[in-house]
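Chains, contacts and geometry: an overview
One letter stands for each residue in the lines below.
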Amino acid sequence: MKKVFILITALLTLIFFTAGCSKVPVPGNTPAPSADGSSEGVVEITVPDYVVTPSLDAEGVSELEIPDGQLLMVEEGRPLVPYYAKSIDYPKGQMVQAVTLSDKSGAETQTGLKLPVVSLDSNESTTPEMIQEKYPAVDFTWKLWTNPDGGSTLIIAVFPLQYDPATTEITFCKNYKFKVEYIQTTVSITGIKTADESYSPGDDVVIDISLENSGSLADVTVKTVIKDYKSGETIEELPSRVLKELSGKASYSPVWVSGQAEAGAYSAEISLYDKSNNLLDIKQFEFSLTPPT
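One structure accompanies this document, and this report is about it.

A few points about unusual backbone geometry
Residues Tyr135 and Pro136 are joined by a peptide bond in cis, for which omega reads -5°. Inspection of the secondary structure assignment puts Pro136 in the loop between strand E8 (108-110) and strand E9 (140-146). Unusually for a residue other than glycine, Glu245 sits at a positive phi of about 45°. Within the element layout of this structure, Glu245 appears in strand E17 (residues 241-252). By relative accessible area, which is 55% here, Glu245 ends up exposed. The backbone of Asn277 shows a phi angle near 65°, a positive value even though the residue is not glycine. Looking at the element boundaries, Asn277 is found in the loop between strand E19 (264-273) and strand E20 (279-289).

Laid out in structure tokens, this is it:
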């Protein structure tokens, strides 16, 4: 189970930095909210057929490609397989809570193809051995981006092609249907910045957060997570703060004691939750620890 969690974390980081996803608007027939204010939508993804480019050398390695897709390169020693991503825009006031796979169909199999192996070190003179397990181990991952206009973009990355190196069997699934749960929210993060323009390793980093509730009084929990900007790895989760009966504009300034942290690029991920632990808004702010000159 730990290996699957590591894979999902790596995949989320990958799709966070992947550009060129095909965008579709939010479906026009928005369902009515339920009693708790949540709604559900459906996203259907049809993956284009993959294309095989046979090898011209003695190794007999074939390359696979999905039109408008990407190549999955997050773990050395894995087969190089393509994946496919779609993005869906949500307006300000709607926040996605969960994405679940409700159906998939159109599975086909093929055998006899030898795929390339992922090598993350371009300077390595030898090719790593391929791990003899079916890959990928998950059907999809998803990531939520927030946009400057206050809306958000949901990115769903599907992994339609699973490869078994031991048997060379490829299982390819073409059609996916997802259930997307979201809520209506009046609480938003209006700004994030650091109190000082620059920080050195070991400094206390003060993060100034501005937020606003344009609706009725609400208790809002603010969570702050410091991450490595490049890898997305969590460095530290700061203590949460509950803002009681928030109304109108407010501010909050958590402090990260960087301690033994190395110089480099970091991000502060700020997320807001209601009493039912529904996500109300989430944003990231990049900053750096720079050694004094």
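Back to the write-up after that little detour.
Section: the pairing of strand E15 (residues 204-228)
As judged from the 7 bridges shared by strand E14 (residues 187-194) and E15, these two strands associate in the antiparallel manner. What sits directly across from Ser188, in E15, is Glu212. Summarising the sheet, E15 and strand E18 (residues 255-257) pair through 3 bridges and their orientation is antiparallel. Bridge pairing in E18 links Val206 to Val255. Both E15 and E19 contribute to a ladder of 8 bridges, which runs antiparallel. Bridged to Thr224 within E19 is Ile270.

Procedures and definitions
Residues numbered from 1 in each chain as written. Predicted model: local features only at pLDDT ≥ 70, side-chain atom pairs only at ≥ 80, totals over all residues. Heavy atoms only, no water. Helix = DSSP H or I, 4+ residues; strand = E, 2+ residues; numbered from the N terminus. Buried < 20%, exposed > 50% of the residue type's maximum accessible area, 1.4 Å probe, protein only. Pairing = 2+ DSSP bridges.

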